[in-house]
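Fold and geometry: a report
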Amino acid sequence: MKYYPVHAGYPPYAEVNPAIEAAFAEHGRGNVQMPPKVYVTFVESGDFRTMPAYLPAQEIAGVKIVNVHPHNRTRGLPTVMALTVIIDITTGIPTAIINATELTALRTGSAGAIAAKYLAPRHPVTLGIVGAGRQAEAQVEATAASLAIEEILVWSRTEKSAEAFAARYSDYNARSVPIERACDCDVLTTTTPSTKPVVMADWIHEGTHINAIGADAPGKQELDPTILENAEVFVDDPGQATHSGEVNVPVGTGYYDPARIAGTLGEVVIGKKGRSSPDAITIFDSTGLAIQDLAIAALVLRDGDGGYELPFP
């Protein structure tokens, strides 16, 4: 068995995006095994999740263990850290342990890029960003690898963070703006840990596509539920979305009927589903799928650099 710290370099989005897109396509065809992720919650501090899956097309199976601790920034630690364990399909022997902390950011960014590729109302796009943390960076970088970005409008609760973010992406005409202005875009990406709406329905115009990334646990939500009522909602996985995605609170309160979900991103990728018209508001509700983790792990294992042998079994 090998341990992959993945410090020597990460797969580029030019490779990650097609790999994640192919995994979503397999999900859309029903060719994967993937139980919903399981949550263990620590009162006050955060949670950790286990995410098992089998992706036959890549002949890879395994499980990711990932934590989300929002207060870690004050400790100088990442909010999200993860390990992926790969299991031999024939024998069940663990064959690899991969440091998946940065890979988790990459594969989530890639999911947003794929959703924008298929659901954005036009190309190139004006990209609106709500929240200016690591995942916002991943969303920009992954999206830029799949489609042209004309400009970026970024908002953060801390203006200093928004300005620093804009400076990093000055090549895309990025600038710090009020949150209402950030919503005046083609593709709006929300990456906050909020438990109450930060984006209001009045700010969203016809034709906008929204990547709702931040809501990834029960009780989290970033969007005014009225937006869901007026939109075509696509999810990565229906079971996970209703439990812990952007729709989880509106579903739990009875405001939003899960039967209204328009389809999955996998179904969009294979052409089974899609936006109904250029004027429709579309939403991708991203919770993060274990098959995404396997797809990006396969890239790491394919390259094979930087692995250390461990004494097991």
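Residues numbered from 1 in each chain as written. Predicted model: local features only at pLDDT ≥ 70, side-chain atom pairs only at ≥ 80, totals over all residues. Heavy atoms only, no water.

1. Points about unusual backbone geometry
Residue Pro124 follows His123 across a cis peptide bond; omega there is -5°. Tracing the backbone shows Pro124 in the loop between helix 2 (101–119) and strand 7 (125–130). Phi angles above zero are rare outside glycine, and Glu59 is one such case at about 50°. Within the element layout of this structure, Glu59 appears in the loop between strand 3 (46–55) and strand 4 (60–68). (Helix = DSSP H or I, 4+ residues; strand = E, 2+ residues; numbered from the N terminus.)

2. Looking at the UniProt feature "active site" (unreviewed entry) in the protein chain
Mapped onto this structure's residue numbering, the UniProt feature "active site" (unreviewed entry) falls at Lys64. Structurally, Lys64 is set in strand 4. Once residues lying within four places of it in the same chain are set aside, the contact partners of Lys64 are Arg49, Thr50, Met51, Ala82, Leu83, Thr84, Ala100, Thr104, Arg107 and Asp293. (UniProt positions renumbered as here; feature names shortened; annotations may be inferred. Contact = heavy atoms within 4.5 Å.)

3. Considerations on the environment of Gly274
Looking at the secondary structure, you find Gly274 in the loop between helix 9 (265–269) and strand 14 (281–285). Judged by relative accessible area, which is 34%, Gly274 ranks as partly exposed. The spacing of Gly274 and Tyr118 is 156 residues in sequence and 7.7 Å in space, taken between C-alpha atoms. Not counting chain neighbours up to four residues away, the residues in contact with Gly274 comprise Leu119, Glu232, Phe234 and Val268. (Buried < 20%, exposed > 50% of the residue type's maximum accessible area, 1.4 Å probe, protein only.)

4. Structural notes on the UniProt feature "binding site: NAD(+)" (unreviewed entry) in the protein chain
According to UniProt, the positions carrying the feature "binding site: NAD(+)" (unreviewed entry) are Arg107, Arg134, Gln135, Gly214, Ala215, Asp216, Lys220 and Ser286. With respect to the helices, strands and loops of the structure, Gln135 is situated in helix 3 (residues 134–144). Note on Gln135: relative accessible area 18%, which makes it buried. When residues no more than four places from it in sequence are discounted, the contact partners of Gln135 are Ala105, Thr108, Gly109, Thr191 and Ile213. Non-local contacts of Ser286, meaning those with residues more than four positions away in its chain, are made with Thr108, Ala212, Ile213, Ala215 and Asp236.

5. A closer look at the packing of helix 1 (residues 13–29) against helix 2
It is the contact of helix 1 with helix 2, at a shortest axis distance of 9 Å, that shows an interaxial angle of 70°. The orientation of helix 1 with respect to helix 2, classified from their angle, is roughly perpendicular. Residues Tyr13, Val16, Asn17, Ile20, Glu21 and Phe24 of helix 1 form the contact with helix 2, whose own contacting residues are Ala105, Leu106, Arg107, Ser110, Ala111, Ala113, Ile114, Lys117 and Tyr118. Class assignment of the residues belonging to the contact of helix 1 with helix 2 gives a composition of ten nonpolar, two polar and three charged. (Axes fitted to C-alpha atoms, helices over the stretch in contact; angles between N-to-C directions. Parallel < 35°, antiparallel > 145°, perpendicular 65-115°, else oblique. Nonpolar A, V, L, I, M, F, W, Y, C, P; charged D, E, K, R; others polar.)

6. Focus: helix 10 (residues 290–303)
The end-to-end C-alpha distance of helix 10, which contains 14 residues, comes to 20 Å, matching closely the 20 Å that a straight helix rising 1.5 Å per residue would cover. Looking at helix 10, one finds that the buried residues are Ala290, Ile291, Gln292, Asp293, Leu294, Ala295, Ile296, Ala297, Ala298, Leu299 and Val300. (Expected span 1.5 Å × (residues − 1).)

7. Quick look at the packing of helix 1 against helix 10
The N-to-C vectors of helix 1 and helix 10 enclose an angle of 135°; their axes lie 9 Å apart at closest approach. Here helix 10 runs oblique to helix 1, going by the angle between their axes. The interaxial crossing formed by helix 1 with helix 10 has right-handed handedness. On helix 10, the residues touching Glu15, Val16, Ala19, Ile20, Ala23, Phe24 and His27 of helix 1 are Ile291, Gln292, Ala295, Ile296, Leu299 and Arg302. A per-class count over the contact of helix 1 with helix 10 returns nine nonpolar, two polar and two charged. (Left-handed = near helix turned anticlockwise from the far one by under 90°.)

8. As for the environment of Asp236
For Asp236, the position within the fold is in the loop between strand 12 (231–235) and helix 7 (238–244). When the C-alpha positions of Asp236 and Phe24 are compared, they lie 8.1 Å apart, and in sequence the two are 212 residues distant. Residue contacts for Asp236: discarding those within four places in its chain leaves Phe24, His27, Thr264, Phe284, Asp285, Ser286, Thr287, Gly288, Leu289 and Gln292. Only 2.8 Å separates the side chain of Asp236 from the backbone nitrogen of Gly288, close enough to count as a polar contact. (Polar contact = N/O pair within 3.5 Å; in protein donor to acceptor, adjacent residues only side chain to side chain.)

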